Amino acid sequence: MDVHGRIREILAETIREELAPDQQHLSTEDLIKALRRRGIIDDVMKELNFVTDNVDQELPSSPQQPICFDRQSTLKKSDGTRMADSTTMLSISDPIHMVLIKTDIFGETTLVASYFLEWRSVLGSENGMTSLTVELMGVGTESKVSVGILNIKLEMYPPVNQTLSQEVVNTQLALERQKTAEKERLFLVYAKQWWREYLQIRPSHNSRLVKIFAQDENGINRPVCSYVKPLRAGRLLDTPRQAARFVNVLGYERAPVIGGGGKQEQWCTLLAFLCRNKGDCEDHANLLCSLLLGYGLEAFVCVGTKAKGVPHAWVMTCGTDGTITFWESLTGHRYIHKPVNPDEPPLAEQPKPLYPYRTIGCVFNHQMFLGNCQPSDAVETCVFDLNDESKWKPMSEEAIKSVCAPGATTSLPPFPPLCASTIDASVASNEIEMQLRLLVSEHRKDLGLTTVWEDQLSYLLSPALASYEFERTTSISAGNEEFQDAIRRAVPDGHTFKGFPIHFVYRNARRAFATCLRSPFCEEIICCRGDQVRLAVRVRVFTYPESACAVWIMFACKYRSVL
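This one's a predicted model, so the numbers in the text were calculated from it and none came from an experiment.

**Observations regarding the pairing of strand E19 (residues 531–543)**
Across eleven bridges, the pairing between E19 and strand E20 (residues 549–560) is antiparallel. What sits directly across from Phe 542, in E20, is Ala 550. Once E19 ends, the chain turns through five residues before running back antiparallel as E20, passing Glu 546 with a positive phi of about 60 degrees.

Structural data, given as structure tokens:
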């Protein structure tokens, strides 16, 4: 029986009615197009699974004997492989988040606007196409100031089979707005009640840093729990410590303040933070906590103060054995917390804290919010048994879930996946190194000094830079013995060697050189005078996701010692 021919005849009967009378002859291309329009070909290729039975049977000992398996092909239907219909897509409430960044000639980025686009109006448009005009507003203190008009054209691809009426779309959006407003109102009522109860425990709680809401870049108050969600880095970051290093190399910049009055309140959404590659300590802590949650750790953002009462945010992880680890997101440093017992006698030996934190008001993640209700909010005396409600007052997880859970209309859209770096590390390293050589030569020329570079000495500095980055990532020092041995061999008897390593998170050679000259030790190397002076410089760029990078530079010189 000609199976393929029979299938062709059956399909032809259903397809011919779509063709004009003069096109009744069906070519293979016509069949393929018709099947694609129905989604049949794509469904078959995606859903065809082969199930193998009896694969454990004994294989014949002779290689000449044929090997046979009984195979049964099954077609499993899965709605996940087909495009959602208009009604299903209308229920997807996540907006499109657009961020506008300005980059100057020096590579410095500025956040100009952040806009959440409601895209579902296209579901009620003819031909699945529509045009919108939106007004982009500024950020932070300029969130009420217009920065421009953006014309947007939306098109559904592939086109939906059935468009909805605009009335249905508008009704759905109106119902969602009502639902969102009601959820936000109920959560606000609950948060006020929780705060009253917290203050009744101890009046001094009013001065603690218990942060329930925080303003985003658009000046919108959001529950702090909505800024944290488990984030998986795919294959871009392999370990939690590497994730901490990635967050550490993102630039630190406090929100700009107009006039006096202390720190400006602004927490950035993750996309805005990653797009401009810099942010405040809260942005770093939220990202690091999200990454650690993605690695399966029990992580929380801590809100408190550092020395001199400066507000600060950092990350805490709770081990299954009760170990409490603090992660400083701005430096990548880790600290083990061992509480001090204030009731111990004065002469009793107490653990000395190494971390820079002084007080702690609250901890939170995507599911939990807990206020510190211990007699003292000093970090060194705090006990982090988060299940003990006499020490940590929890918020209702159901209340948090109503406004912060994935899919909640009040929550931020899903976090975008991290993007691989677009920087070629070798090319970037060479470019910065050549620019630094030119800057050093010009600087010495202005001082009336000649410059002689020694390429071999420059190359020998590479292991040291690799070792420094490895130590920053893992807290393990390795490779210094080989570097020191190589330098001893390269520097003749009677000569002196000096080296100065420095670390940056940007690739602006002129800016880095100006910073290096402010160090007396580095300036001494660059402006070295003496007999048989040889200079060396080595640059190593280590790339991380989102085009973040750690730039290590080492200046060195060797010269003949003259007594």
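Having put the structure on the table, let's press on.
**Examining the sheet that holds E20**
Ordered by their spatial adjacency, three strands build an open sheet running E18-E20-E19, and the pairing between neighbours is antiparallel. Single-partner strands in this sheet number two, and they are strand E18 (495–504) and E19. Strand-to-strand, the axes of this sheet are offset by a mean angle of 15 degrees, without reference to chain direction. In the sheet, E18 pairs with E20 via ten bridges, with the strands oriented antiparallel. The partner of Thr 496 across the bridge, within E20, is Tyr 559.

**Here we look at the packing of helix H10 (residues 425–446) against helix H14 (residues 509–517)**
One way to put it is that H10 packs onto H14 with a least axis distance of 9 Å and a crossing angle of 50 degrees. Viewed along their axes, H10 and H14 adopt a mutual orientation that is oblique. In the packing of H10 onto H14, the handedness of the crossing is right-handed. In this structure, H10 contributes Ile 432, Gln 435, Leu 436, Leu 439, Val 440 and His 443 to the contact, and H14 contributes Ala 509, Arg 510, Phe 513 and Leu 517. Per-class residue counts for the contact of H10 with H14 are seven nonpolar, two polar and one charged.

**Here we look at the side chain of His 337**
Examined against the element boundaries, His 337 turns out to sit in strand E14 (residues 334–337). Given a relative accessible area of 7%, His 337 falls into the buried group. For His 337, the side chain forms a polar contact with the side chain of Tyr 355, separated by 3.1 Å. Within the structure, His 337 has its side chain in polar contact with the backbone oxygen of Cys 382 (distance 2.9 Å).

Rules and cut-offs
Counting restarts for each chain: residues are numbered from 1 in the order of the written sequence. Residues qualify for local features only when their pLDDT is at least 70, as the model is predicted, and side-chain atom pairs are given and counted only at 80 or more; totals for whole chains, interfaces and linings, by contrast, use all residues. Side-chain descriptors were evaluated using all non-hydrogen atoms of the structure, hydrogens and water having been removed beforehand. By this definition, two strands are paired if DSSP reports at least two bridges between them. Strands are runs of DSSP state E lasting at least 2 residues, helices are runs of H or I lasting at least 4, and numbering of each runs from the N terminus. Every axis corresponds to a line fitted to the C-alpha atoms, with the helix fit spanning only the stretch in contact, and the corresponding angles, defined between N-to-C directions, vary from 0 to 180 degrees. Here the angle decides the label: under 35 degrees means roughly parallel, over 145 means roughly antiparallel, 65 to 115 means roughly perpendicular, and every other value means oblique. Two helices cross in a left-handed way if the nearer one is turned anticlockwise from the farther one by less than a right angle. They cross in a right-handed way if the turn is clockwise. We call two residues contacting when some pair of their heavy atoms lies within 4.5 Å. Only Asp, Glu, Lys and Arg are considered charged in this grouping, and only Ala, Val, Leu, Ile, Met, Phe, Trp, Tyr, Cys and Pro are considered nonpolar; every other residue, Gly among them, is considered polar. Relative accessibility decides the category of a residue: with a 1.4 Å probe and only protein chains considered, values under 20% of the type maximum give buried, values over 50% give exposed, and everything between is partly exposed. The definition of a polar contact used here is a pair of N or O atoms within 3.5 Å, where within protein one atom must be able to donate a hydrogen and the other to accept one, and adjacent residues in sequence count solely through side-chain atom pairs.

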